[in-house]
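Overview (structure and organization)
In case you want the letters, here they are:
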Amino acid sequence: MPLGDRLRAQPVAQRQPAVPVLVDCLWHPEVRPTDFMLACGDGNSRLTSLRWTDWNADSATATGVNWVNDCKPYCAVGKFHSFPVTVRLDSAQTWKRHPQLRQYGEITLTYPGARPDRFQHTVTYPLWN
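So, a few notes on the structure that sits alongside this text. (Residues numbered from 1 in each chain as written. Predicted model: local features only at pLDDT ≥ 70, side-chain atom pairs only at ≥ 80, totals over all residues. Heavy atoms only, no water.)

**Brief notes about the side chain of Asp90**
You can see Asp90 is positioned in strand 6 (residues 80–90). Within polar-contact distance, the side chain of Asp90 engages the side chain of Arg88 at 3.0 Å. With residues up to four places along the chain from it excluded, the contact list for Asp90 reads Asp58, Ser59, Tyr104, Gly105 and Glu106. (Helix = DSSP H or I, 4+ residues; strand = E, 2+ residues; numbered from the N terminus. Polar contact = N/O pair within 3.5 Å; in protein donor to acceptor, adjacent residues only side chain to side chain. Contact = heavy atoms within 4.5 Å.)

Below you can see the structure in the form of structure tokens.
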């Protein structure tokens, strides 16, 4: 069973991973997830096929694919496009919802080639807490 599933299966008081977690859209703590929704509200951007090369107290790094809806002419009929991406998690902090856990507070996406329209080569977003 993946660690994320084990974390969700344990009572909160027993969740004491040595490294920060990544909190998903449903407020589940995860470690090394293979998929991660970036746009929780509308689902128009998600990370898939994540392969983590590092996950420690300071940062985590993965490669994967960012699927982004082009929203042309509008999001409901837009097409999803895939972009290779490197993902970095940083800024570990106490998780406000569960203070006994630490969570990564920032995600940085770096596109080595093609990238979504109007995106910079590297973009950084705060993660929800």
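**Looking at the packing of aromatic side chains**
Each aromatic ring pair is specified by the distance between its two centres and by the angle formed by the two planes. The final tally for this structure, using the stated rule, is five aromatic pairs. Centre to centre, the rings of Phe36 and Trp128 are 5.8 Å apart; their planes meet at 10°, and the pair counts as stacked. Taken as a pair, Phe36 in strand 3 (residues 36–37) and Trp128 in the segment after strand 10 (122–126) lie far apart in primary sequence, 92 residues in all. Plain terms: the ring middles of Tyr111 and Phe119 are 6.0 Å apart, the flat faces sit at 75° to each other, and that makes the pair edge-to-face. Owing to a relative accessible area of 0%, Tyr111 belongs among the buried residues under this scheme. Put simply, the rings of Trp52, Trp55 and Tyr104 pair up and form one aromatic cluster. Between Arg97 and the ring centre of Trp27, over which it is positioned, the NZ or CZ distance is 4.4 Å. (Phe/Tyr/Trp six-rings, centres within 6.5 Å; stacked < 30°, edge-to-face > 60°. Buried < 20%, exposed > 50% of the residue type's maximum accessible area, 1.4 Å probe, protein only. Lys NZ or Arg CZ within 6 Å of the ring centre and 35° of its normal.)

**Section: the sheet that holds strand 6**
One open sheet holds the six strands; their spatial order is 3-4-5-6-9-10, and the pairing between them is antiparallel. Sheet topology places strand 3 and strand 10 at the edges, where each strand pairs with a single neighbour. As paired strands, strand 5 (residues 60–69) and strand 6 are joined by 10 bridges and run antiparallel to one another. Bridge pairing links Val68 to His81 in strand 6. (Pairing = 2+ DSSP bridges.)

**Focus on the side chain of Thr48**
With respect to the helices, strands and loops of the structure, Thr48 is situated in strand 4 (residues 45–55). Overall, the relative accessible area of 14% leaves Thr48 in the buried class. A polar atom in the side chain of Thr48 sits 3.2 Å from the side chain of Trp67. Beyond its immediate chain neighbours, meaning those up to four positions away, Thr48 contacts Thr34, Asp35, Gly64, Val65 and Trp67.

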